[in-house]
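Survey of secondary and tertiary structure
One letter stands for each residue in the lines below.
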Amino acid sequence: MSAFPLRQVVIAGGSIAAVTAAQNLRAQGFEGDITLLSEEIHAPYSRVPLSKGVLSGKETPDLAALPALGEDITVRPGARAAHLRPEDRRVILADGEEVPYDGLAIATGAHARRLAIPGRTGEHVVRTLDDATALGDRIGAADSVLVVGGGFLGMEVASTCAELGLTVTVVDRDPPLRRLLGAWLADLVVDAARDRGVRFVQAPNGVGLVGHPEITGVDCGDRQLNADVVVSAVGDLPNTEWLADSGLPLDGGLVVDPRCRVTPHIVAAGDVTVTRRNGAGARRSPHWTSAVLQGQAAARTLLHGETAPVPPPDPYYWTEQFGLDIKISGEIPAGTVPTVLAGDPRQRSTLLQWHHQGRPVAAVSVNHRIPIVKLKKLGAHAPATT
Ligand SMILES: Cc1cc2nc3c(=O)[nH]c(=O)nc-3n(C[C@H](O)[C@H](O)[C@H](O)COP(=O)(O)OP(=O)(O)OC[C@H]3O[C@@H](n4cnc5c(N)ncnc54)[C@H](O)[C@@H]3O)c2cc1C
């Protein structure tokens, strides 16, 4: 049981981590009030299809909606948390309203990092449903797109635009995806992208946006690239501004312990968080599965405090791009060649395993059907218990 009377839980945030925390509080028998404060006006939705089916127009935005919460949970759209006063357990909304709580779950996620100074137009990002809709409208009337950033998001946007028949250029400081997938697998994906006509430009010193009044391209130092549409996919920043004067531990995100606890009355989950496991520096895991597992853990910790189980690490995520359905368990060591367990990488359908110091550390399926539990075992991670 909670170490303090828990009658009123407030959840700041309105996406998968927040919704999961709310559902799990109820599933574990919590009968008090639950209020979700969500900045956006839309009902809770998933971001995963925004760069894929929603952007391509194959999926309507309503298909991104998360399952509706029960009527015994109050969802307040358009309610932006602006400050937190932990000492008297109150969230202060942007309009000044004070919302009291016994237990608070912080799940305010992250926002897209931008390159342009505020007020400049023409730099698209893909973080919210409105972003995806606005970009979808623009690319519908365009012939070319320039994507700044060759991480998962940038490559997914590039893939969708290539599928729609646009001329696509991806520009990045580094070779695309290498930091995330290692050189061997990144090259496999980049080859698939090139086969679909995507052009890659490396700008080791970074890029500056150009165009007036609207942004129309980038300056790479040695050349300028222009396109009808410019999309930045240069990372995301945890939404912690509203916590700046709260006294909560911030270190590139809100610091949580392995049980997702921040203070005895406050837990946090999802993209807003950073963890410090095994004495390592603060690390983020901005993926869907982490947000779900942390949402579950945060609910358990609010209810059971120190007696809540510590969830095992479960680094699992996926991406879909250039006709490749890629599922990843574990951390792919840089510069290492994987063992091919099944299929044929040349056919872009394969099951791969990486080792480090003789032990398996990661497994990846590329267009290869395998139960996720089995993939996680190959990646040396036991499936999380929920
Ligand atoms: C386009 C896109 C595609 C993705 N695809 C994949 C994928 O294929 N696979 C994968 O594993 N992961 C993917 N991800 C990552 C995954 O979607 C995120 O990890 C997940 O959304 C994190 O959920 P969250 O609830 O922590 O945060 P968020 O989804 O960022 O939600 C935060 C919520 O908090 C609200 N909020 C923010 N500030 C405040 C405030 N001050 N007051 C009140 N409410 C606030 C926001 O409006 C939002 O509702 C993708 C992400 C994006 C953007």
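Residues numbered from 1 in each chain as written. Predicted model: local features only at pLDDT ≥ 70, side-chain atom pairs only at ≥ 80, totals over all residues. Heavy atoms only, no water.

1. Details of the site of the ligand
Every one of the 35 residues lining the ligand counts as a neighbour, but R47, K52, A81, R127 and D271 are closest to it. With respect to the ligand, the side chain of E40 contributes an N or O atom lying 3.1 Å from an oxygen atom. One of the backbone nitrogen or oxygen atoms of A110 is found 3.3 Å away from an oxygen atom of the ligand. Here the ligand loses 95% of its free accessible area of 1000 Å² to cover by the protein chains. When contributions to the shell around the ligand are tallied by element, the ones reaching two or more residues are α1 (16-27), β2 (33-38), α4 (152-163), α6 (288-304) and β22 (316-321). Of the residues in the shell around the ligand, the class split is 17 nonpolar, ten polar and eight charged. (Near = heavy atom within 4 Å. Polar contact = N/O pair within 3.5 Å; in protein donor to acceptor, adjacent residues only side chain to side chain. Areas by Shrake-Rupley, 256 points an atom, 1.4 Å probe, with all protein chains shown as cover. Helix = DSSP H or I, 4+ residues; strand = E, 2+ residues; numbered from the N terminus. Nonpolar A, V, L, I, M, F, W, Y, C, P; charged D, E, K, R; others polar.)

2. A few points about the sheet that holds strand β13 (residues 208-210)
Pairing is antiparallel across the open sheet formed by three strands, whose spatial order is β13-β14-β15. Edge positions in the sheet fall to β13 and β15 (224-226), since each has one partner strand and no second. Each strand of the sheet is rotated relative to its neighbour by a mean of 25 degrees, with strand direction disregarded. Judged from the three bridges that link them, strand β14 (residues 217-219) and β15 form a sheet pairing that is antiparallel. From the neighbouring strand, V218 faces β15, where its bridge partner is L225. (Pairing = 2+ DSSP bridges. Axes fitted to C-alpha atoms, helices over the stretch in contact; angles between N-to-C directions.)

3. Here's the deal with the sheet that holds strand β26 (residues 359-366)
With respect to topology, five strands assemble into an open sheet ordered β22-β23-β26-β25-β24, the strand pairing being antiparallel. Only two strands of the sheet have a single partner each, and these edge strands are β22 and β24 (339-344). When strand polarity is set aside, the average angle formed by the axes of neighbouring strands in this sheet is 15 degrees. Those strands touched by α4 are β22 and β23 (324-330), and its axis lies near 25 degrees from that of β22. (Contact = heavy atoms within 4.5 Å.)

4. Let's talk about the pairing of strand β11 (residues 167-172)
Of all six residues in β11, five are buried; the element is thus mostly enclosed. As paired elements, strand β10 (residues 144-148) and β11 share five bridges and run parallel to each other. Bridge assignment links L146 to a residue of β11, and that residue is T169. (Buried < 20%, exposed > 50% of the residue type's maximum accessible area, 1.4 Å probe, protein only.)

5. Describing the UniProt feature "domain: Reductase C-terminal" (unreviewed entry) in the chain
Under the present numbering, the feature "domain: Reductase C-terminal" (unreviewed entry) in UniProt falls on residues 316-380. Along residues 316-380, the helical share is 11% and the strand share 54%, with 11 Å between the first and last C-alpha atoms. (UniProt positions renumbered as here; feature names shortened; annotations may be inferred.)

6. What about unusual backbone geometry?
Between H212 and the following residue, P213, the backbone shows a cis peptide bond with an omega angle of -5 degrees. Looking at where P213 falls in the secondary structure, it is placed in the loop between β13 and β14. Phi at Q357 takes a positive value of approximately 50 degrees, unusual for a residue other than glycine. Relative to the elements of secondary structure, Q357 occurs in the loop between β25 (349-356) and β26. Q357 sits in the exposed class, given a relative accessible area of 74%.

7. Structural notes on the nonpolar core
Ranked by size, the top nonpolar core spans 47 residues in total, and within it V168, L181 and L185 carry the most contacts. Element by element, the count of residues in this core is highest for helix α5 (residues 178-195), at eight residues. When sequence neighbours within four positions are dropped, the list of residues in contact with L185 reads I332, L352, W354, V364 and V366. Counting 29 residues, the second largest nonpolar core, distinct from the first, contains F4, A107, C260 and V292. (Core = buried A, V, L, I, M, F, W, Y, C linked by side-chain atoms within 4.5 Å.)

8. Some details on α4
Along an α-helix, residues three or four positions apart point the same way, because every turn accommodates 3.6 residues. In this model, α4 (twelve residues) spans 16 Å end to end at C-alpha, consistent with the 16 Å of a helix rising 1.5 Å per residue. The element α4 is extensively covered by neighbouring structure, given that ten of its twelve residues are classed as buried. Turning to α4, its buried residues number three or more, namely F152, G154, M155, E156, V157, A158, S159, T160, C161 and A162. Just past α4, the residue G165 takes up positive phi, approximately 95 degrees. (Expected span 1.5 Å × (residues − 1).)

9. Considerations on the pattern of salt bridges
When the charged atoms of two side chains with opposite charge come close together, those side chains can pair. Taken as a whole and judged by the stated rule, the model has 24 salt bridges. Here R90 ties to E98 by a salt bridge, and the two come within 3.2 Å at their closest N and O atoms. In this structure, the salt-bridge partner of E123 is R114, at a minimum N-O distance of 3.9 Å. A residue is classified by how much of its surface remains accessible, and E123, at 6% relative accessible area, is buried. Assessed through its relative accessible area of 43%, R114 is described here as partly exposed. Salt bridges linked by common partners bring R85, D88, R90 and E98 together as one network. (Salt bridge = Lys/Arg side-chain N within 4 Å of Asp/Glu carboxyl O.)

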